Amino acid sequence: MRIVEGKVIVCSPGRNFVTLKLVTEDGLHGIGDATLNGRELAVASYLSDHVIPLLIGRDARRIEDTWQYLYKGAYWRRGPVTMAAIGAVDSALWDICGKARNAPLYQLLGGASRDSVLVYGHANGESEDDTVKAAAKYVDMGYRAIRAQSAVAGVTHAYGVGRGTLYYEPAEKGRPLECGWSTEPYLDFVPKLFERLRKEFGFGVHLLHDVHHRLTPIEAARLGKSLEPYRLFWLEDPTPAENQAAFRTIRHHTVTPIAVGEVFNTIYDCQLLIEEELIDYIRTTVVHAGGISHLRKIAALAELHHVRTGAHGATDLSPVAMAGALHFDLSVHNFGIQEYMRHTDETDRVFPHAYAFADGAMHPGEAPGLGVDIDEELAAKYPYDPAYLPVNRKTDGTVHSW
Ligand code: GCO
Ligand code: MG
């Protein structure tokens, strides 16, 4: 089952996506998501200029061997560009193997460990009241887990505040939007928001919150402690995680569960976090952390340490990544939750898929392989549209993590 063709499709049906497509001599094709928000063309070039030429003639069934060949063979290891490229190849090969066996991918990964995959949606608002209204909408749609973010007085363009739709898209055309950051009003506001949410919805719905890397460890510890009465499902990215040991401070002070890892690329990025049991959920994705093969290794390490998975699922990950995540989630034993941000209708039309949402949970469907495809003709109608993620500055102008 030799690979005879490979191509990279860059399109922008509502937002930018990079998709790898590999074709075998038997006429089967597989796809992988290679989207790196704000740096898309670097991965597209890495694939077209450096990886696809090495894939032609290789046996599509040798998934692990190809992964090691691309990882060790590049000499220059890790990083989001390299790992997104390897992840896309890995997903495309799993897709092909599923199709060759006429089985949905999860059946090749050990079969279903559960009936469906619990997902969380995003409730965003310009104020506490708006966020409560947005959360009510998700409860009405059947969600059993909701991430809540809100604008904070004194913080310009707070992270996660939507624009009145179900979609949240922080990347914008032109130069990066400059947001303002102030820790004090944020730390005072968030516990009040969750107190209100518990008052409105009780404890029957899971609540989550994303700090988006903005606090120091001791500030994050204070936030975790002040949120304890509201029993969050998780507090996400409380502090930047390049320094994994910094999470010891948070862990010493609070029992609020911690989730980290959407920006991680390999198992080494979370090794200490997992081995020292400093986190509760690992958020690595099939896109940026080397595909389904590598994610399974991270999950296996995590399982030894009572850490569950909670894969990133923002709209800057395409439906191809969503499908991969759902097969992984359904099969892996220590699954926790899956993020599910809805794509626009345009995006869904370009990437027809078998996965579906019902009663607050999702299922990848029974189509062979990933169960998702790309309509190339339609994709061609949405050319690449450069956009950048925002940057953040503190009130005195100092650049801060966005
Ligand atoms: C999340 C995320 C994202 C990121 C985005 C950046 O938890 O969903 O933090 O929304 O901001 O993926 O491109
Ligand atoms: Mg996040």
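What counts, and where the lines are drawn
Residues numbered from 1 in each chain as written. Chains lettered and ligands numbered in written order. Predicted model: local features only at pLDDT ≥ 70, side-chain atom pairs only at ≥ 80, totals over all residues. Heavy atoms only, no water. Helix = DSSP H or I, 4+ residues; strand = E, 2+ residues; numbered from the N terminus. Rg over C-alpha atoms; globule rule 2.2 N^0.38 Å. Buried < 20%, exposed > 50% of the residue type's maximum accessible area, 1.4 Å probe, protein only. Areas by Shrake-Rupley, 256 points an atom, 1.4 Å probe, with all protein chains shown as cover. Lys, Arg positive; Asp, Glu negative; His and termini not counted. Charge placed at Lys NZ, Arg CZ, Asp CG, Glu CD. Expected span 1.5 Å × (residues − 1). 1 Å grid on protein atoms, 1.4 Å probe; cavity = no way out; pocket = protein on both sides within 12 Å on 5 of 7 lines; lining within 4 Å. Points joined across faces, edges and corners; volume = space filled by probe spheres on them. Nonpolar A, V, L, I, M, F, W, Y, C, P; charged D, E, K, R; others polar. Near = heavy atom within 4 Å. Polar contact = N/O pair within 3.5 Å; in protein donor to acceptor, adjacent residues only side chain to side chain. Sits in = over half its atoms within 2 Å of the grid points. Domains from an automatic or database assignment. Pairing = 2+ DSSP bridges. Axes fitted to C-alpha atoms, helices over the stretch in contact; angles between N-to-C directions. Parallel < 35°, antiparallel > 145°, perpendicular 65-115°, else oblique. Left-handed = near helix turned anticlockwise from the far one by under 90°. Contact = heavy atoms within 4.5 Å.

Draft legend 1. Quick peek at the overall build of the protein chain. Counting secondary structure elements, the protein chain contains 13 helices and 16 strands. On C-alpha atoms alone, the protein chain measures out to a radius of gyration of 20 Å, which is about the 21 Å that the 2.2 N^0.38 rule sets for 402 residues. Seen along its three principal axes, the alpha-carbon backbone of the protein chain occupies a region of about 60 × 45 × 45 Å. Residues classed as buried in the protein chain amount to 59% of the 402 residues present. With an accessible surface of roughly 15,900 Å², the protein chain has 51% of that area assigned to carbon and sulfur atoms. Across the protein chain, the 40 positively charged side chains and the 51 negatively charged ones have centroids separated by 2 Å.

Draft legend 2. Structural context of helix H10 (residues 291–304). For H10, with 14 residues, the first-to-last C-alpha span of 21 Å sits near the 20 Å given by 1.5 Å per residue. For H10, every residue scored as buried is listed here: Gly-291, Ile-292, Ser-293, His-294, Leu-295, Ile-298, Ala-299, Leu-301 and Ala-302. His-306 lies just past H10 and shows a positive phi near 65°.

Draft legend 3. Region of the structure containing empty space enclosed by the protein. Going through the model one piece at a time under the given rule, you end up with three cavities of 30 Å³ or more. As for the largest cavity, its lining consists of 14 residues, and the residues nearest its centre are Gln-149, Ser-150, Tyr-159, Tyr-186 and His-209. Elements supplying a minimum of two residues to the lining of the largest cavity: strand S5 (145–150), helix H6 (183–201) and strand S7 (206–210). The leading source of residues in the lining of the largest cavity is H6, at four residues. Each residue belonging to the lining of the largest cavity can be placed in one class, and the counts come to nine nonpolar, three polar and two charged.

Draft legend 4. Expanded view of the site of ligand 1. Taken together, the neighbourhood of ligand 1 is formed by 15 residues, with His-212, Glu-236, Glu-262, Asp-316 and Glu-339 sitting nearest. Within the side chain of Arg-147, one N or O atom sits 3.3 Å away from an oxygen atom of ligand 1. Take His-212: an N or O atom from its side chain is 2.8 Å from an oxygen atom of ligand 1. With respect to the detected pockets, ligand 1 is housed in the largest pocket. Tallied by class, the residues present in the shell around ligand 1 amount to four nonpolar, four polar and seven charged.

Draft legend 5. Molecular detail of the layout of surface pockets. Taken as a whole, the largest pocket holds about 1,100 Å³ of empty space. Lining the largest pocket are 40 residues, and of these His-213, Glu-262, Val-263, Leu-389 and Trp-402 sit closest to its centre. Built from parts of two domains, the lining of the largest pocket gets at least three residues from each of domain 1 (3–104) and domain 2 (108–367).

Draft legend 6. Examining the sheet that holds strand S2 (residues 17–24) more closely. One open sheet holds the three strands; their spatial order is S1-S2-S3, and the pairing between them is antiparallel. Each end of this open sheet is capped by a strand with a single partner; those strands are strand S1 (3–11) and strand S3 (29–33). On average, adjacent strands in this sheet sit at an angle of 20° to one another, irrespective of strand direction. In the sheet, S2 pairs with S3 via five bridges, with the strands oriented antiparallel. Paired with Thr-19 across the bridge in S3 is Asp-33.

Draft legend 7. Representation of the sheet that holds strand S15 (residues 391–394). The strand order across the open sheet formed by three strands is S6-S15-S16, and the pairing between neighbours is mixed. Bordering the open sheet on either side are strand S6 (178–181) and strand S16 (399–400), each of which pairs with just one other strand. Here two bridges tie S15 to S16, and the two strands are oriented antiparallel to one another. Counterpart to Arg-393 in the pairing with S16 is Val-399.

Draft legend 8. Geometry of helix H11 (residues 319–331). Between its first and last C-alpha, H11 extends 18 Å over 13 residues, near the 18 Å set by a 1.5 Å rise per residue. For H11, a buried count of 13 out of 13 residues is recorded, marking the element as mostly surrounded by other parts of the structure.

Draft legend 9. Highlighting the packing of helix H1 (residues 40–55) against helix H2 (residues 63–73). Where H1 meets H2, the closest approach of the two axes is 12 Å, and the angle between their N-to-C directions is 140°. Accordingly, the angle class assigned to the pair H1 and H2 is oblique. Considering only the axes of H1 and H2, their crossing is right-handed. On the side of H1, the interface is formed by Val-51, Leu-54 and Leu-55, while H2 contributes Thr-66, Tyr-69 and Leu-70. Among the residues forming the contact of H1 with H2, the class breakdown is five nonpolar, one polar and no charged.

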